[in-house]
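Spelled out from the first residue to the last, the chains are:
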Amino acid sequence: MLAFLFMNLLACDRDRNHPGWDYFPDMFYSTAYETNSPNPNFKDGMTMRTPVEGTVSREFTPFGYTNDPESRIKAGKELVNPFLATQENISRGREVYTTFCIGCHGIKGEGDGKLFTSGLYTLKPLSLAGSTAGKLRDGEIFHTITLGIRSMGAHGSQILPDDRWKLVLYIRTLQEDEKRNTENKK
């Protein structure tokens, strides 16, 4: 009985520098392998594994459209913006626009961003505030942001889906501002 009490007192040591014995040290201190290093645990000797077929990342939502005009029009008919045009959502859309779009499309969305005006980018980007973009449905704009169009690259991997929808809301405010300015000039 005295030995049992003595073992319990030793086991309840609060010294964090000497935590005691490891029950399965090979599991406690596992061997780490660098992503692209050889690994003797697998037949192919590779450490980096391909995901199981059908695996979807937590933050990834599959986008069931392709990068062609027919698919963009289909997306315009099928996709509906799940966000209301609240000040908070538009403000977030402005932040995303400032981060990803302003360099090409410019402050007011007129296609006069720094990359174009400085000569670094030779093709003038589409005016998001103009009538051509104004005729697009929300789903078409979302599709374009996600997969790109012509010389515009895809931003689906950089911008979360919710932020893309909020960006669409902000683009609509740019179009409304342009419409008001045009009407005031008349």
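The structure contained in this document is the topic of the report that follows. (Residues numbered from 1 in each chain as written. Predicted model: local features only at pLDDT ≥ 70, side-chain atom pairs only at ≥ 80, totals over all residues. Heavy atoms only, no water.)

### Structural notes on the overall build of the protein chain
Across its full length, the protein chain carries nine helices and zero strands. Going from the N terminus to the C terminus, the protein chain shows its helices and strands as α-α-α-α-α-α-α-α-α. In the protein chain, of all internal contacts separated by at least 6 residues, the share reaching a separation of at least 24 is 49%. Counting only carbon and sulfur atoms, one obtains 58% of the accessible surface of the protein chain, whose full area is about 14,300 Å². (Helix = DSSP H or I, 4+ residues; strand = E, 2+ residues; numbered from the N terminus. Contact = heavy atoms within 4.5 Å. Areas by Shrake-Rupley, 256 points an atom, 1.4 Å probe, with all protein chains shown as cover.)

### Here we look at the pattern of salt bridges
Scanning all chains against the criterion turns up five salt bridges. For Arg49, the salt bridge is made with Asp44, and the minimal N-O distance between the two is 3.0 Å. When the shortest N-O distance is used, the salt bridge between Glu140 and Arg72 registers 3.3 Å. You can see Glu140 sitting in helix α8 (residues 138-147) and its partner Arg72 sitting in helix α3 (residues 69-78), a full 68 residues away along the chain. The class for Glu140 is buried, based on a relative accessible area of 10%. Note on Arg72: relative accessible area 17%, which makes it buried. (Salt bridge = Lys/Arg side-chain N within 4 Å of Asp/Glu carboxyl O. Buried < 20%, exposed > 50% of the residue type's maximum accessible area, 1.4 Å probe, protein only.)

### As for the nonpolar core
Counting residues in each nonpolar core, the largest one holds 16 residues, and the members touching the most others are Tyr97, Ile145, Leu167, Val168 and Ile171. Contributing elements (two or more residues each) for this core: α4 (87-100), α8 and α9 (161-185). Counting residues per element, this core draws most heavily on α9, at seven residues. Once you skip the residues sitting within four places of it in the chain, Tyr97 turns out to touch Ile102, His105, Gly106, Ile107, Lys108, Gly109, Leu128, Leu167, Tyr170 and Leu174. (Core = buried A, V, L, I, M, F, W, Y, C linked by side-chain atoms within 4.5 Å.)

### Remarks on the state of the cysteines
For the coordinates displayed, the defined rule picks out zero disulfides. Note on Cys101: no disulfide assigned, nearest cysteine sulfur contributed by Cys104 at a separation of 8.5 Å. Given a relative accessible area of 12%, Cys101 falls into the buried group. Residue classification places Cys104 among the partly exposed positions, given a relative accessible area of 24%. (Disulfide = S-S within 2.5 Å.)

### So, the packing of α3 against α8
Following both chains from N to C, one finds α3 and α8 inclined at 130°, their axes separated by 6 Å at the closest point. As the angle between them shows, α3 and α8 are arranged oblique. You can see that α3 and α8 cross each other, and the crossing is right-handed. Where α3 abuts α8, its residues Ser71, Arg72, Ile73, Ala75 and Gly76 lie against Gly139, Glu140, His143 and Thr144. (Axes fitted to C-alpha atoms, helices over the stretch in contact; angles between N-to-C directions. Parallel < 35°, antiparallel > 145°, perpendicular 65-115°, else oblique. Left-handed = near helix turned anticlockwise from the far one by under 90°.)

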